[in-house]
Amino acid sequence: MTIEVNATELCNRTCVFCPRHDPEVYPNQHLHMTPYMASTIAKNISNSKYFGRISFSGYGENLMYKDFPKVVSEFRKELPRNIIECNTNGDILLKRDGLATELYESGLSFLYINMYDGEWQRDEFLEVLDREKIPSSWYTFRKHWMEEDHGLILNNRSGVMKWIEAETDLKNPCYYPSYKMMVDWNGNVLFCSNDWGREHIVGNLLHHPIKQIWMSDKMRGFREKLGSGDRQFSPCQDCSVQGELFGKGSYEHYTKCKGK
């Protein structure tokens, strides 16, 4: 359903609900997906006839990376029909004139702007977006500040965040590996988007066909264990993600068709 892409290992914030809150746990690093890497990865995805969603989210703040619009452009060249979206805290939109326009001209479909400080941020963002004449249907705001309950569910990012008190149900199914592919800045494919510790790398889109990775024995093993409620392996044994909100249909379809 979704290919999530981590384009950079930089972020300008250290939110308490993110591993970057503790730089000893998850430090900033100047590691980025280059436009050449993006082109190679996007061609690989295009060759598989994938028409789903490309989501630039991952483990960093995409807009911190100066060449991010070029990365978006390379994906759009190879994937003209796909939705290409980006999650951002929006801070850089306020500092870099014309960035919103540049992103959409590069081929971005949609922006999710996460407001971590308060409702007042909306007016700041709207001032910029209106000045650049960005249609309101091309973006949305998400309420994420901690002082109020927005119906969000915090998790411990596969156990990386020891400061988040969360219980783990070792018999609870998880469907993440059945509906979402996680692609790191260097083309590595992780078995799950919550694997912040990079414990399980199942392939690399710079070197291996995407279908070969997605339908590999490694991915099959993770799906079968997690789909049956077996979380008794690292890092899943320490992970508090519910894992059942999405993807059950994908898991059942995969289970039905795996021998064909």
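The structure we're discussing is the one just above.
Throughout this description, residue numbers start from 1 for each chain and increase along the sequence as written. Selection of residues for local features in this predicted model requires a pLDDT of at least 70, selection of side-chain atom pairs for listing and counting requires 80 or more, and totals for whole chains, interfaces and linings are taken over all residues. For side-chain calculations, the full set of non-hydrogen atoms in the structure is used, while hydrogens and water are omitted.

### Observations regarding the pairing of strand β4 (residues 110–115)
Next, step 1: Burial classification: accessible surface area is computed with a 1.4 Å probe over protein chains only, and a residue below 20% of its type maximum counts as buried, one above 50% as exposed, and the rest as partly exposed. Helix and strand labels come from DSSP, where a helix needs a run of H or I of at least four residues and a strand needs a run of E of at least two; each type is numbered from the N terminus. Within β4, 6 of the 6 residues are buried, which leaves it mostly tucked inside the rest of the structure.
Next, step 2: Neither face of β4 is exposed, since Phe110, Tyr112 and Asn114 on one face and Leu111, Ile113 and Met115 on the opposite face are all buried.
Next, step 3: Sheet topology places strand β3 (residues 84–88) next to β4; 4 bridges connect them, and they run parallel. Across the sheet, residue Thr88 finds its bridge partner in β4, namely Ile113. Strand pairing requires that DSSP identify at least two bridges connecting the strands.

### Description of the environment of Ile210
Next, step 1: Note on placement: Ile210 falls in helix α7 (residues 210–214).
Next, step 2: C-alpha separation for the pair Ile210 and Ile45, spaced 165 residues apart in sequence, amounts to 6.4 Å.
Next, step 3: Apart from residues lying up to four places away in sequence, Ile210 is in contact with Ile3, Asn44, Ile45, Ser48, Met181 and Leu205. We call two residues contacting when some pair of their heavy atoms lies within 4.5 Å.

### Let's talk about the packing of helix α1 (residues 35–47) against helix α2 (residues 68–78)
Next, step 1: Interaxial distance between α1 and α2 falls to 8 Å at its minimum, and their mutual angle equals 25°. Taken together, the axes of α1 and α2 lie roughly parallel to each other. As α1 runs across α2, the sense of the crossing is right-handed. Contacts between α1 and α2 involve Pro35, Ala38, Ser39, Ile41, Ala42, Lys43, Ile45 and Ser46 from the first element and Lys70, Val71, Glu74, Phe75 and Glu78 from the second. Helix axes are fitted to C-alpha atoms over the stretch in contact, other axes to C-alpha atoms as well, and angles between N-to-C directions run from 0 to 180 degrees. Throughout this description, any angle smaller than 35 degrees is read as roughly parallel, any larger than 145 degrees as roughly antiparallel, any in the 65 to 115 degree range as roughly perpendicular, and the remainder as oblique. Left-handed describes a crossing in which the near helix is turned anticlockwise from the far one by less than a right angle; the clockwise case is right-handed.

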